[in-house]
Amino acid sequence: MNFNRISLKTKAKRILRNNWGWAILVTIILTLVTPTAAISYVSNQARNLINTDMNTQIVQNDQDIDTGIDNQIDLYRYRPDIILKRYKEEVDTMVRSVIPWYMGSTWALFIMALMISFFVAFALKVFVLNPIHVGCMKWYLRNRTESKPKMRAVVETFGKGYIRIVAIMFLRDLFTFLWTLLLIVPGIIKSYEYKMIPYLLAENPELTVSEIFGMTKKIMDGNKMDTFVLDLSFLPWILLSAMTCGILSVVYVAPYIALTNTELYVCLCQGKDQYEMSN
């Protein structure tokens, strides 16, 4: 093993105590810019669209029932298939009044809206969230040596080297996705191989694509399994966080894990012996 888990965690806890509040804030930002956030955005948009449609139909049905004559309910009229057909016709009519060239169906419109949402989420992740992700790594690295690192480090990646950061992070995500298509395990292995790319970009935004991928491969060579075990060691903390509805994760566990990963990067770059001496 090229690193000591206890040593990494001890150093991370010490750094967290020194700048606890700002570490929490940066970790919250980091959590919001992960791929899960983009996926959640698209899912929420689709779910909201469906829920809005259903709620609109339910309200309309309730109004129709309330205005029934002598409380006589036409059961045929309220059959689900009849309701769906009527609703589809109403929506198609409304859409055609706004978009004269629209010739599709309600489901075609839904798919179109979903595709637009995916495109917006994709663009947001590539051009905004990924650079902020690298900026968070830059702040973590500065937090190791500076007592009060400036929060502007999180957005400094939008300056010099922005295009290179966007391109390399996009390639990292793309390669990980393509390897995942082969089966889940190759994707997991590659995700660990590419784990240090954000840190490398944070320190060296001028490096080329081949240099970044070559360096992260070299750093993680022989360390992927040990890093996986390091991640597993946080499982009790993650379970405990779930029991507190995520509160513990926000105020302690997530910053603790993020700072430990930063220490892992520094240790693997410096070498175990030099890292231990510096502590």
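Residues numbered from 1 in each chain as written. Predicted model: local features only at pLDDT ≥ 70, side-chain atom pairs only at ≥ 80, totals over all residues. Heavy atoms only, no water.

**Considering the confidence of the model for the protein**
Heads up, the condition is: Known as pLDDT, the predictor's confidence for each residue is given on a scale from 0 to 100. Each helix is a run of H or I in the DSSP string that is no shorter than four residues. Each strand is a run of E no shorter than two, and both are numbered from the N terminus. Note on definitions: a residue-residue contact is assigned when non-hydrogen atoms from the two residues lie within 4.5 Å.
Of all residues in the protein, 73% attain a pLDDT of 70 or more, and the chain-wide mean is 82. The weakest mean pLDDT in the protein belongs to helix α3 (residues 35-66) at 49; the strongest belongs to helix α8 (residues 197-203) at 97. This model gives residues 68-73 a pLDDT under 50, and the stretch forms two contacts once residues within four places in sequence are excluded.

**Considerations on the nonpolar core**
What counts, and what does not: In plain words, nonpolar cores are sets of buried Ala, Val, Leu, Ile, Met, Phe, Trp, Tyr and Cys residues tied together by side-chain atoms within 4.5 Å. Partly exposed describes any residue whose relative accessible area lies between the buried limit of under 20% and the exposed limit of over 50%, with all areas from a 1.4 Å probe on protein chains only and scaled to the type maximum.
With 48 residues, the main nonpolar core has C136, Y140, M196, I197, L201 and Y265 as its most contacted residues. For this core, the secondary-structure elements that each account for two or more residues are α1 (5-18), α2 (20-32), α5 (106-145), α6 (162-182), α8, α9 (209-220) and α12 (247-270). What Y265 contacts, discounting residues up to four positions off in sequence, is L141, M196, Y199, L200, E203 and I219.

**Brief notes about the side chain of R172**
Keep this limit in mind: Within 3.5 Å is the distance limit for a polar contact, defined as a pair of N or O atoms, with the added protein rule that one can donate a hydrogen and the other accept it, and that residues adjacent in sequence qualify only through two side-chain atoms.
Considering the arrangement of structural elements, one finds R172 in helix α6. A polar atom in the side chain of R172 sits 3.0 Å from the side chain of D173. Setting aside residues no more than four positions away along its own chain, R172 makes contact with H133, Y194, I197, P198 and F213.

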